[in-house]
Amino acid sequence: MTAFASQASVGGRFLIEREIGRGAVGIVYRAIDEVTSQPVALKVIAISGVDAGEEARFRREGRVLAGLVHPGIVRLVAFGQLDEGMPYVAMEWLDGEDIAQRQRRAPLPLGACLDVAAQVADALGAAHSAGIVHRDVKPSNVILVGSAPGQSGPIVAKLVDFGVASAEDAKLTRTGAIIGTPAYMAPEQARGDEGVNARADLYALGATLFEMISGRPPHIGPTPIAILARLVTTPPPRLSDIYPDVLPALDDLMAELLATDPQERPKDAG
């Protein structure tokens, strides 16, 4: 995997500060956009001969974010191909931590959990109004700006990673393909059904909020395959089964969000 060193100038625009994470084919850097002098998160495919699907994912994320402007959605700075030949996506730099990190460090109180969920619902509403389904809403894909140790003030939730997002009417994958994260995936998405729509994101939002409140996702298992099997065969528990003090109205809303039949979920993020 080809990596850039600190202080390297990339693409004639980005000055690398440091690497902040990497996956099987890509690396994420904190960099300075020399056009605006602002910090950015620079995602780069950094391996030669990568699968065409990964390149398509990078390009898809850039195209999707280019059409979404909302305070609860990470802002696109630029995307394309660097002079070095690597596909990239540059996004605003977010100072904070994701939900998963925050809950491991210091779980949010119930009221803050609900506020974060409401912010994510508002962001999803904007995406859905633009005809975009995120398809991978989960705790690690929501950054809580202002939540990191030493920070103070209100927490702002930002939805990130639109790499597997699609238009509601798009047949992005063949029937039977599974895209998403099992513990937060709607049953119809787990089955690889065609026509997965905005209600799948509402299920994922419900699963994320369920975990924030109860400390575990609705369906758990020893392996991703075991979770998928339970997801498509077993109704999720009620939140009140795990968190007895939950208000009845919230318990009912959670049950609606996590309904196996998408038609029984709320019709939109609003």
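No experiment lies behind these values; they were computed from the predicted model shown.

**A closer look at the overall build of the chain**
Okay, so step 1: Counting its regular elements, the chain contains eight helices and 11 strands.
Okay, so step 2: Here the chain has a C-alpha radius of gyration of 19 Å; the compact-globule value for 270 residues is 18 Å, and the two agree.
Okay, so step 3: Oriented by its inertia axes, the alpha-carbon framework of the chain measures out at about 55 × 45 × 35 Å.
Okay, so step 4: In the chain, buried positions account for 49% of the 270 residues.
Okay, so step 5: Contacts in the chain between residues far apart in sequence, at least 24 positions, make up 58% of those at least 6 positions apart.
Okay, so step 6: By element, 53% of the accessible surface of the chain is carried by carbon and sulfur atoms, the whole surface being about 12,500 Å².
Okay, so step 7: Each charge sign in the chain was given a centre, from 25 positive and 33 negative side chains, and these centres are 2 Å apart.

**Points about the environment of glutamate 264**
Okay, so step 1: Turning to its location among the elements, glutamate 264 is positioned in the segment after helix H8 (248–257).
Okay, so step 2: Taking C-alpha positions, glutamate 264 is 27 Å from serine 140, a pair spaced 124 residues apart along the chain.
Okay, so step 3: Setting aside residues up to four positions removed in sequence, glutamate 264 forms contacts with Glu256 and Ala259.

**Describing unusual backbone geometry**
Okay, so step 1: Look at glutamine 7: it is not a glycine, yet its phi comes out positive at around 75 degrees.
Okay, so step 2: Mapped onto the elements of the fold, glutamine 7 is located in the segment before strand S1 (9–10).
Okay, so step 3: Classification of glutamine 7 as exposed rests on a relative accessible area of 53%.
Okay, so step 4: The backbone of serine 37 shows a phi angle near 65 degrees, a positive value even though the residue is not glycine.
Okay, so step 5: When you line up the elements, serine 37 lands in the loop between strand S3 (26–33) and strand S4 (38–45).
Okay, so step 6: A relative accessible area of 55% means that serine 37 is categorised as exposed.

**Re helix H6 (residues 224–233)**
Okay, so step 1: All of the buried residues in H6 are Ala226, Ile227, Leu228 and Leu231.
Okay, so step 2: Residues of H6 that are buried in the fold lie against helix H4 (187–190) and helix H5 (198–214).

**Some thoughts on the nonpolar core**
Okay, so step 1: Ranked by internal contacts, the top residues of the largest apolar core, which has 56 residues, are Val116, Phe162 and Met254.
Okay, so step 2: If you tally residues by element for this core, the top one is H5, at 10 residues.
Okay, so step 3: Dropping the residues within four chain positions of it, methionine 254 is found in contact with Gly206, Leu209, Phe210 and Leu239.
Okay, so step 4: Of all hydrophobic cores here, the second largest spans 16 residues; its members include Tyr29, Leu42, Ala78 and Ala90.

**Some points on the packing of H5 against H8**
Okay, so step 1: As a packed pair, H5 and H8 sit with axes 8 Å apart at the nearest point and diverge in direction by 135 degrees. Put simply, H5 runs oblique to H8. Remark: the crossing between H5 and H8 carries left-handed chirality. Two secondary-structure elements touch here, H5 through Leu202, Tyr203, Gly206, Leu209, Phe210 and Ile213 and H8 through Leu250, Met254 and Leu257.
Okay, so step 2: In terms of residue class, the contact of H5 with H8 is built from eight nonpolar, one polar and no charged.

Rules used in this analysis
- Residues numbered from 1 in each chain as written.
- Predicted model: local features only at pLDDT ≥ 70, side-chain atom pairs only at ≥ 80, totals over all residues.
- Heavy atoms only, no water.
- Helix = DSSP H or I, 4+ residues; strand = E, 2+ residues; numbered from the N terminus.
- Rg over C-alpha atoms; globule rule 2.2 N^0.38 Å.
- Buried < 20%, exposed > 50% of the residue type's maximum accessible area, 1.4 Å probe, protein only.
- Contact = heavy atoms within 4.5 Å.
- Areas by Shrake-Rupley, 256 points an atom, 1.4 Å probe, with all protein chains shown as cover.
- Lys, Arg positive; Asp, Glu negative; His and termini not counted.
- Charge placed at Lys NZ, Arg CZ, Asp CG, Glu CD.
- Core = buried A, V, L, I, M, F, W, Y, C linked by side-chain atoms within 4.5 Å.
- Axes fitted to C-alpha atoms, helices over the stretch in contact; angles between N-to-C directions.
- Parallel < 35°, antiparallel > 145°, perpendicular 65-115°, else oblique.
- Left-handed = near helix turned anticlockwise from the far one by under 90°.
- Nonpolar A, V, L, I, M, F, W, Y, C, P; charged D, E, K, R; others polar.

Treat this as a map of the structure, not an account of what it does.
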